[in-house]
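Single-letter residue listing:
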Amino acid sequence: MSSSTPTTTTATTTAPPERRLGAALAVIATAQLMLVLDGTITNVALPRIQRSLDLAPADLNWVITAYALAFGGLLLVGGRAGDLFGRRRVFRLGLVVFTVASLLGGLAPNGTVLIAARALQGVGAAIAAPTALSLLTTTFPAGPGRVRALGVYGAMGGLGSVVGLLLGGALTEYLSWRWVLFVNVPIALAVLAGTSVLVEGERDRGSVDLPGAITATLGLGTLVYAITRTSTSGWADPVTLLLLALAAAVLLGFLAIQRRTRAPMLPARVLRDAGRAGANLVFVLTGAGMFATFYFLTLYMQVVEGYGAMRAGLTYLPFALGIGLAAGVIGPRLLAATSPRAVTVGGLVLASVGMGWFSLLAPGSHPMTVLLPAQLVAGVGLGLTFVTATVVGIHGVPSGDAGIASGLLNTSQQIGGAVGLAALAALAAARTGSTAAPEALTSGYAAAYLAGAALYLIAALVAATTFGGGPARRPA
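The rules behind these values
- Residues numbered from 1 in each chain as written.
- Predicted model: local features only at pLDDT ≥ 70, side-chain atom pairs only at ≥ 80, totals over all residues.
- Heavy atoms only, no water.
- Helix = DSSP H or I, 4+ residues; strand = E, 2+ residues; numbered from the N terminus.
- Buried < 20%, exposed > 50% of the residue type's maximum accessible area, 1.4 Å probe, protein only.
- Areas by Shrake-Rupley, 256 points an atom, 1.4 Å probe, with all protein chains shown as cover.
- Axes fitted to C-alpha atoms, helices over the stretch in contact; angles between N-to-C directions.
- Parallel < 35°, antiparallel > 145°, perpendicular 65-115°, else oblique.
- Left-handed = near helix turned anticlockwise from the far one by under 90°.
- Contact = heavy atoms within 4.5 Å.
- Nonpolar A, V, L, I, M, F, W, Y, C, P; charged D, E, K, R; others polar.
- Core = buried A, V, L, I, M, F, W, Y, C linked by side-chain atoms within 4.5 Å.
- Expected span 1.5 Å × (residues − 1).
- Bend = angle between axes of the 7 residues up to and from the residue.
- Patch = residues over 30% accessible without salt bridge, like charges linked within 9 Å, V, L, I, M, F, W, Y side chains within 5 Å.
- Salt bridge = Lys/Arg side-chain N within 4 Å of Asp/Glu carboxyl O.
- pLDDT = per-residue confidence, 0-100.

S.K.: Just to check I follow, could you spell out the overall build of the protein for this structure?
M.R.: Looking only at helices and strands, the protein features 19 helices and 2 strands. Burial analysis of the protein (476 residues in total) assigns 58% to the buried set. Carbon and sulfur atoms form 67% of the exposed surface of the protein, whose accessible area is close to 17500 Å².

S.K.: Help me understand the packing of helix 13 (residues 274-304) against helix 17 (residues 371-394) in this model?
M.R.: Two quantities define a packed helix pair, namely the angle between the axes and the distance from one axis to the other. Direction vectors running N to C along helix 13 and helix 17 enclose 155 degrees, while the axes themselves pass 10 Å from each other. Between helix 13 and helix 17, the interaxial angle falls into the category roughly antiparallel. Judged by the twist between their axes, the crossing of helix 13 over helix 17 is left-handed. Across the interface between the two elements, Gly275, Arg276, Ala279, Val282, Phe283, Thr286, Met290, Leu297 and Met301 from helix 13 touch Leu371, Gln375, Leu382, Thr385, Phe386, Ala389, Thr390, Val392 and Gly393 from helix 17. A per-class count over the contact of helix 13 with helix 17 returns 11 nonpolar, 6 polar and 1 charged.

S.K.: So what exactly am I meant to see when it comes to the packing of helix 13 against helix 16 (residues 340-358) here?
M.R.: Where helix 13 contacts helix 16, the two axes come as close as 12 Å, and the packing angle between them is 25 degrees. Our classification of the angle between helix 13 and helix 16 gives roughly parallel. Between helix 13 and helix 16 lies a crossing of left-handed hand. For the pair helix 13 and helix 16, contact is made by Val282, Thr286, Gly289, Thr293 and Leu297 and by Leu348, Met355 and Phe358, respectively. Among the residues forming the contact of helix 13 with helix 16, the class breakdown is 5 nonpolar, 3 polar and no charged.

S.K.: What exactly am I supposed to notice about the nonpolar core here?
M.R.: The tendency in soluble globular proteins is for nonpolar side chains to be buried side by side. Counting 87 residues, the largest nonpolar core has Phe91, Phe296 and Phe358 as the members making the most contacts within it. The dominant element in this core, judged by the number of residues it contributes, is helix 13, at 12 residues. Filtering out sequence-adjacent residues up to four positions away, phenylalanine 296 remains in contact with Leu424, Ala425, Ala428, Tyr445, Ala448 and Tyr449. Among the nonpolar cores identified, the runner-up in size contains 20 residues, and Ala216, Leu223, Val224 and Leu408 belong to it.

S.K.: What am I meant to see in helix 15 (residues 317-337) here?
M.R.: Given 3.6 residues to a turn, an α-helix orients residues that are three or four positions apart in the same direction. Look at helix 15: 29 Å from first C-alpha to last across 21 residues, which is about the 30 Å you get at 1.5 Å a residue. At isoleucine 330, helix 15 shows its maximal kink, close to 45 degrees; a proline, proline 332, follows between one and four residues later. Buried within helix 15 are the following residues: Pro318, Phe319, Ala320, Gly322, Ile323, Ala326, Ala327, Gly331, Pro332 and Leu335.

S.K.: Before we go on, may I ask you to explain a nonpolar patch on the surface in this structure?
M.R.: On the surface, Leu321, Leu325, Val329, Ile330, Leu334 and Leu376 cluster together into a nonpolar patch covering about 450 Å² of accessible area. The element best represented in the nonpolar patch is helix 15, accounting for 5 residues. By secondary structure assignment, the location of leucine 334 is in helix 15.

S.K.: Before we go on, may I ask you to explain the environment of leucine 198 in this structure?
M.R.: On the secondary structure map, leucine 198 appears in the loop between helix 9 (184-193) and strand 2 (203-205). Placed 111 residues apart in sequence, leucine 198 and arginine 87 show a C-alpha to C-alpha distance of 9.5 Å. Leaving out residues up to four positions away in the same chain, leucine 198 has contacts with Ala24, Val27, Ile28, Arg88, Phe91, Leu135 and Thr139.

S.K.: What am I meant to see in the confidence of the model for the protein here?
M.R.: Detailed reading of the predicted coordinates is not advisable wherever pLDDT is low. With 88% of its residues at a pLDDT of at least 70, the protein reaches an overall mean of 81. Across the protein, the element-wise mean pLDDT spans from 42 in strand 1 (residues 7-9) up to 93 in helix 16. In this model residues 1-15 is a low-confidence stretch, pLDDT under 50, and it forms 38 contacts with partners more than four residues away in sequence or in other chains. Below pLDDT 50 for its whole length, residues 471-476 participates in 25 contacts with residues either more than four positions away or in separate chains.

S.K.: I tried to follow the side chain of threonine 298 on my own but got confused; where do I start?
M.R.: By secondary structure assignment, the location of threonine 298 is in helix 13. Take threonine 298: its relative accessible area is 9%, and that puts it in the buried class. Discounting residues that sit within four places of it in the chain, threonine 298 has contacts with Val44, Leu165, Val303 and Tyr316.

S.K.: I keep staring at helix 11 (residues 238-260) and nothing clicks. Help me out?
M.R.: With 23 residues, helix 11 should cover 33 Å at 1.5 Å per step; its first-to-last C-alpha distance of 33 Å lies within 8% of that length. Within helix 11 the residues assigned to the buried category are Thr240, Leu243, Ala247, Val250, Phe254, Ala256, Ile257 and Gln258.

S.K.: Help me out: how do you make sense of the environment of leucine 243 in this one?
M.R.: Inspection of the secondary structure puts leucine 243 in helix 11. Judged by its relative accessible area of 16%, leucine 243 is buried. Linking leucine 243 and arginine 229, residues 14 residues apart in sequence, is a C-alpha distance of 9.7 Å. With residues near it in sequence (within four places) discarded, leucine 243 still touches Thr222, Tyr225, Ala226 and Arg229.

Below you can see the structure in the form of structure tokens.
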């Protein structure tokens, strides 16, 4: 428990000249793209990683899970650290950790070192990601310019997962699986070199809420690990049930600590606004659907249709196009003309239509009938959702809480993705049964797609009841 009440100290917050804003946006957007794409860039490389490092099938999933555990479990800590110790300083630290971990992973001689490096990557991402968004709010003055910047940032959040699949396929096919890790090094160094254009903004004076940080990290990490186990051990597994109970107990302890401490890591005021709470729930639900989409579409393409790594990656181009256009161009324009509620609900309905369309995939389906057009529709819907939910999620947040509010948005998406993927994978496995016939596999995938469509509709209901229905609100 922190022993001192935070007070606010104001750093220089004069808006930078217009010519520097473009450079600042490039730095923040590139960092966000790099951090998000690393969650998926190794997916299409997994078969070659397994052969190269002789990983057992039961251990292969840890290449993905280790990153998600560290990233999802430490995001709140990273956000609070930026508020207390300086967002630019903490952002740079996160980039350094991420760069070193990427280099170690690319050089990994065995599976143990690779998995440890992936966990360390997640630590670096958890430190850098929330401070990237809070630096955007301190660098860009309130108004249309910030809305446009948030649109680009939202596009990077959506595009990152798709670009990771595209880039992972190309690097694996033409160079080596090790380059899905090495590629981060020059990108991170370039971002580090450009951080001087970012505005530090205000910071709190005090110390990190250590009991809160520890319980939040352990609780979220245990929850993600327990959910991940269900894909191999099932929901009735005693160890899984024990871990779920432990996660619930630790997270309840976290909430109790937040009520008692003078300087909570997650101040109640951050979620007191209905729109902000709703935005985080929207990110939980859309994260679940999006993670599952990439997972099952990749399985469909590589296992059922026999696509290679490069072809599978390129097939995601419509998704990337839809998200990029919606979040970077269409979304900000719609926000200027109508309400966040209308844009978000419309986007989620489109995303739900896309997911339902995926359920029509069958062995031998022509890509132009389902796979490609459904991706474009779902991508546009998710792009609209990302930009509006991000705007609502940080609207009106005091500068001293910007890091924790943005960290919570990232945490919501990561935890939602981990929980949702595990649940939908279990659903697909139950529908498929013990057979590996293509028809049975696609039947299981279809059940998961329809469940994902339902999650998007629930998210639309959340947005309809919590987001503002008047003219678009400009971020404060």
